Amino acid sequence: MNSHNNKVEAELHCRRESLYFCFSSSFTNPPPLLPLSAVIPDTLTVMSSAQSLSKVEGDILQLSCEVTRQTSQHTHLAVGWYLRSPDDPSAQPRDLVTLSRDFVLRPGGPYRQRLTSGDLRLDKTSTTTYRLTIYKLQPTDQGQFYCEASEWIQDPDRSWYAMTRKQSEKTSVKVQPTDRDFSIQVTTDRRAYTAGEPLELRCTIDAQNVAERYFSVSWVFSSSSVAVVGPSAVPVLGANYIEREAAGLLTIRKESPSVHLLKLQRLLTEDAGKYICRVTEREKTPTGEFIDRSKRSRNVQITVTPQSSNISVSLSSNSSEVMEGEHILLTCSVYSTLGPLSILWQWIDKDASGPAVDVVAVDRDGTVQPGPTYLERHSYGEVHAERIRSDTFTLTLHNAFPSDDGQYLCSATEWLQTGSTPDWTWQQIGEKAATKTITVKSVESSFFVSASSRTPSVTFGDSFDLQCIVKSRHNPSVPASVTWRFQAAEGDGEFRDVVTFTRDGTLQWGEQLLGLGTRTSVDRTRSNTNFRLSVTQAGRKEAGTYQCAAVLYRRNYNGTWKTIANRTSNLLGISVLQPVSKLRVHKSNQSLQFLEDSRVRINCSIASQTNEESQHAVLWYARKGEAGEPDELLLKIERTGAFEYGVYAEEERLRSRVQSERLSPHLYGLTLHHAETSDSGIYYCLVEEWLMDPDGAWYRLARDSSGFTHVVVRQPGVKLQLEDVVSNMTVPESGSIRLNCNINSQSSKDSRFSVSWYVSHSENEEEDDQECIFSIGHDSVFGNGNCSPTGEPGRLQFERPALDAYSLTIQRARPGDAGRYYCRVEEWLLNTRNIWYRLANNNSGATVVNILEQVSTLQSVVCSNNSLFYFVFFYPFPIFGILLIAVLLVRYKSRNSNKNQEGKNGAPLLWIKEPHLSYSPTCLDPPALSLHPGSVE
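Note that this is a predicted model, so its numbers are computed, not measured.

(A) Broad picture of the overall build of the protein. A count of helical and extended segments in the protein gives seven helices and 69 strands. In the protein, which comprises 937 residues, the share counted as buried stands at 38%. Restricting to contacts in the protein with at least 6 residues of sequence separation, those with at least 24 account for 59%.

Here you go:
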């Protein structure tokens, strides 16, 4: 299992199970066969793609190698990277770094320092990938790189053996060395300067990889060190330049890795001379030693001529015309300056008739000194002078007075510092001045107030805005206090304060509170020129006259206030009206008919209303009399739902029968229970619309009436009909006369009837010949009908077999009972007042009754005597029965004595049944005796 190129033939001989022996045929005397536990296949692969790379000294090189194995045995890998020199292919390769089988990283001898410094790395990025990284490539790093891996196994004696070793393909790397030389150049815009101007010198290093090399730069002026800048870019100043750098007159800066700057502010004549830039490179060798190489630039000759002033001055202001109380801002700009400046501000009246007055002076070092006249105003901060920049100065006069009107003078003096530290001297080299005329306008002349409103007339619940326009630009030093005043339309005529915008911006409410103080809001614009008073949900109390009053104040520099002007606006009248009513009630006229005791229902429908929050009061009226008479109030429903009955309802006893209800928010109903005929008339409703004003008080907005409903209450229709058939009846004397009275129809199911029977014994039908024989009233009391009976009540029998049928029977008819009989029916109803009244009456058809007079016969004689009647018709029957029973008993006994004998003397017996007797207790018909033959045995 060696990696040499010789052909090895291996033979395995099985001597016994699980033991193998291996020998090579190339041996002359083969060694004794050694037993092996197993044959391990060679599965090691080492792959790294062949490349040709070109690098520059200082670059980074990264190479990866894939090492895999597929053995199931416990083996270890050793992976290393090697470099073969391109100049001598036969030389041994250099060992760069190896990861041994025991996972120890071992660098080659020449690369130990680079591995320690981190410039050489071997990383295992995955289970099979090994990456070589070389930072800061050197020319000696070029050649052929390859990866070599070996697989190791441990024997039972714990010794390690390399089973196989393989190499990857080679990667050729060329490293281009960098040029270590460098050059220096110093540049400047010009070489001739005037004292006070700035000087800039730049030292540029021309070299490769400047950022990765260590350079230190030294600035030298006339053989004296100005500053030294090391690789860390921290300057070390010379002794003569420390104060100038602290004063901001010297700047040493590394603008880029290859450019260094030296800047001198305000050149002095002593700064004229030769400037040199010296650059030193410190290089570190592979052995860790440092080598310094230095170069210097050419001399740069700088000339500095003394200064001569050539300044110019311009003066500007924020405005040439300002209002009283505003601020005056003057800006003095100085151009073409060489040295520091001092400024003197002065004031001169417009006609220049008086001397100039010093306002304030600004020294060259920025110190401010006010003039005697403005000393007190300056102490309160009303006069302020400031140096914005070295060549720009400002003067501010706060809270301008009319006396500040005039010309302002700005005088600029330029200074030059001469000498050297520490004996500096200042020399005035020039002076220039500029003037500016400022006009201060009094605010009183342009101060006035006006009031306006877009809605001089509003309705209840609406809002209105009042605008107070103050024509004066707002100035905190000249503020205005604005007061809204109000004169109520229903009041004592005095104006009272509503709200005041005080001069310090706060609100102060007055004694007159509009809208209970909750519906009033105020606002003002940021410019304080428009002061608005807003009233929401206006009511009666907000109607009246409004006025706006403004007072203009001025704040003195000592903090006191002075009243300048007082103005009042025009009067502004506001009318608050009730809203236009939209109340509409349906006005359709109708006619309704009802029966007595019915329920009369009348509706009152509201078609529209002014507001969803409207409430209604409904009044119901009845028109009973003639035209021109007042209508009667039945009932009133207040908006709160309370009921109030009218006088008419009380008088007519309608209170118990009249009812009103609210069926829906827009529908009301009137109901008359148990209607009477006296309830007939014209009915209508009157609707009142009520609204709540913003102050919480209810007011009636409008009234509207509905259409007329003509109600007719009538008695039920007369439907009383009797059976009017004319009939004849013949009745024997002493018989019964049955007279029927049948009602075919009635007017009401609640009707009651009074029934009377009349008889007329003559042929004519005049009422004088008619005789009342029986009557019963509607209250079921006999004799309480429409007539008084004259007949004998003992012979009369009254029956009511059905609700609509009556009958009268006259017993024991007599010849004088013959005549024309008919019944008269009166229909009665109970009205709503529980009083019965007669609705209708009707007569039935006539019944002609004839009486047959009786002749004296045996039947009549017998029937006329009760004792004789019973003796003849009743007693014989019991006697006959007893005889019959005796005969039967005798016959039965004789049969038992002689069974063959049919009868006594050969004749059959006669069996007579008990006679069937039919009779009438009134003895109107004779009894009927029936004899039926029996059976003869």
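(B) Looking closely at the sheet that holds strand β43 (residues 530-535). Taken together, four strands build an open sheet; the order of strands is β36-β38-β43-β42 and the sheet is antiparallel. The sheet terminates laterally at β36 (449-452) and β42 (520-524), the two strands that pair on one side only. Averaged over all neighbouring strand pairs, the angle between strand axes comes to 15 degrees, with direction disregarded. Taken together, the four bridges between β36 and strand β38 (residues 464-470) define a ladder with antiparallel strand orientation.

(C) Structural view of a nonpolar patch on the surface. The grouping of Leu868, Tyr870, Phe871, Val872, Phe874 and Tyr875 at the surface amounts to a nonpolar patch, some 600 Å² of accessible area in total. Mapped onto the fold, phenylalanine 874 is located in the loop between α6 (866-873) and α7 (876-897).

(D) Region of interest: the pattern of salt bridges. Going through the model one piece at a time under the given rule, you end up with 34 salt bridges. A salt bridge links arginine 554 to glutamate 324; the nearest nitrogen and oxygen atoms lie 3.4 Å apart. Of this pair, arginine 554 sits in strand β44 (residues 544-555) while glutamate 324 is found in the loop between β27 (321-323) and β28 (328-335), placing the two residues 230 residues apart along the sequence. For arginine 554, a relative accessible area of 4% corresponds to the buried category. When salt bridges with common partners are traced through the structure, they connect Glu200, Arg202, Arg253, Glu255 and Lys263 into a single cluster.

(E) The confidence of the model for the protein, seen in detail. Looking at the protein, pLDDT values average 82 and 87% of them are 70 or higher. Ignoring residues within four places in sequence, the model shows residues 1-37, a span with pLDDT below 50, making 35 contacts including any to other chains.

(F) Structural detail: the pairing of strand β13 (residues 160-167). Of the pairings in the sheet, the one linking strand β12 (residues 143-154) to β13 comprises seven bridges and is antiparallel in character. Looking across to β13, one finds that glutamate 148 is bridged to glutamine 167. In sequence, β12 turns back onto β13 through a hairpin of five residues, with arginine 158 there showing a positive phi of about 70 degrees.

(G) The UniProt feature "transmembrane region" (unreviewed entry) in the protein, seen in detail. The sites that UniProt annotates as "transmembrane region" (unreviewed entry) are residues 868-890. Structurally, residues 868-890 comprises 91% helix and 0% strand, and the distance from its first C-alpha atom to its last is 33 Å.

(H) Quick peek at the pairing of strand β64 (residues 805-810). Across the six residues that make up β64, a large majority, six, are buried. Burial of β64 is two-sided: the residues Ala805, Ser807 and Thr809 facing one way and the residues Tyr806, Leu808 and Ile810 facing the other way are all buried. The pairing of strand β60 (residues 737-745) with β64 spans six bridges and is classified as antiparallel. Note that in β64 the partner of arginine 738 across the bridge is threonine 809. The pairing of strand β63 (residues 796-802) with β64 spans five bridges and is classified as antiparallel. When the sheet's bridge partners are listed, glutamate 799 is paired in β64 with serine 807.

(I) Inspection of the nonpolar core at higher detail. Phe464, Leu466, Cys468, Val482, Trp484, Tyr546 and Leu552 are the most contacted members of the largest nonpolar core, which has 38 residues in total. In this structure, Val217, Val226, Val279 and Ile302 belong to the second largest nonpolar core, which totals 29 residues.

(J) Representation of the state of the cysteines in the model. Enumeration over the complete set of coordinates arrives at six disulfides. Sulfur-sulfur distance for the disulfide between cysteine 468 and cysteine 548 comes to 1.8 Å. Taking the torsion about the S-S bond as the criterion, the cysteine 468 to cysteine 548 disulfide, at about -70 degrees, is left-handed. Placement of cysteine 468 in strand β38 and of cysteine 548 in strand β44 is noted, with a sequence separation of 80 residues between them. When its relative accessible area of 0% is taken as the criterion, cysteine 468 is described as buried. Each disulfide pairs two cysteine sulfurs, and for cysteine 604 the partner residue is cysteine 685, the sulfurs being separated by 1.9 Å. Taking the sign of the S-S torsion, about 65 degrees here, the bridge from cysteine 604 to cysteine 685 comes out right-handed.

(K) Expanded view of the sheet that holds strand β22 (residues 259-264). The strand order across the open sheet formed by four strands is β15-β17-β22-β21, and the pairing between neighbours is antiparallel. Edge positions in the sheet fall to β15 (183-187) and β21 (250-256), since each of these pairs with one other strand and no more. Direction aside, the axes of adjacent strands within the sheet are offset by 15 degrees on average. Where strand β17 (residues 199-206) meets β22, six bridges bridge the pair, whose relative direction is antiparallel. Pairing of arginine 202 across the sheet is with leucine 261, part of β22.

(L) Highlighting the side chain of glutamine 609. Position of glutamine 609 relative to the elements: it lies in the loop between β49 (600-608) and β50 (615-623). Polar contacts involving the side chain of glutamine 609 include one to the main-chain carbonyl oxygen of asparagine 611, which spans 2.8 Å. At a separation of 3.2 Å, a polar atom in the side chain of glutamine 609 contacts the side chain of histidine 616.

(M) Molecular detail of the packing of aromatic side chains. Inspection of every chain in the model, using the stated rule, returns 16 aromatic pairs. With 5.8 Å between their ring centres and 85 degrees between their planes, phenylalanine 782 and phenylalanine 798 make a pair best called edge-to-face. Here phenylalanine 782, found in the loop between β62 (770-776) and β63, pairs with phenylalanine 798, found in strand β63; they are 16 residues apart in sequence, far enough to count as distant. Classification of phenylalanine 782 by relative accessible area gives exposed; the value is 54%. Consider the rings of phenylalanine 798 and tyrosine 806, whose centres lie 6.0 Å apart with planes at 35 degrees: the pair is tilted. Overall, the relative accessible area of 4% leaves tyrosine 806 in the buried class.

Rules used in this analysis
Residues numbered from 1 in each chain as written. Predicted model: local features only at pLDDT ≥ 70, side-chain atom pairs only at ≥ 80, totals over all residues. Heavy atoms only, no water. Helix = DSSP H or I, 4+ residues; strand = E, 2+ residues; numbered from the N terminus. Buried < 20%, exposed > 50% of the residue type's maximum accessible area, 1.4 Å probe, protein only. Contact = heavy atoms within 4.5 Å. Pairing = 2+ DSSP bridges. Axes fitted to C-alpha atoms, helices over the stretch in contact; angles between N-to-C directions. Patch = residues over 30% accessible without salt bridge, like charges linked within 9 Å, V, L, I, M, F, W, Y side chains within 5 Å. Areas by Shrake-Rupley, 256 points an atom, 1.4 Å probe, with all protein chains shown as cover. Salt bridge = Lys/Arg side-chain N within 4 Å of Asp/Glu carboxyl O. pLDDT = per-residue confidence, 0-100. UniProt positions renumbered as here; feature names shortened; annotations may be inferred. Core = buried A, V, L, I, M, F, W, Y, C linked by side-chain atoms within 4.5 Å. Disulfide = S-S within 2.5 Å. Polar contact = N/O pair within 3.5 Å; in protein donor to acceptor, adjacent residues only side chain to side chain. Phe/Tyr/Trp six-rings, centres within 6.5 Å; stacked < 30°, edge-to-face > 60°.

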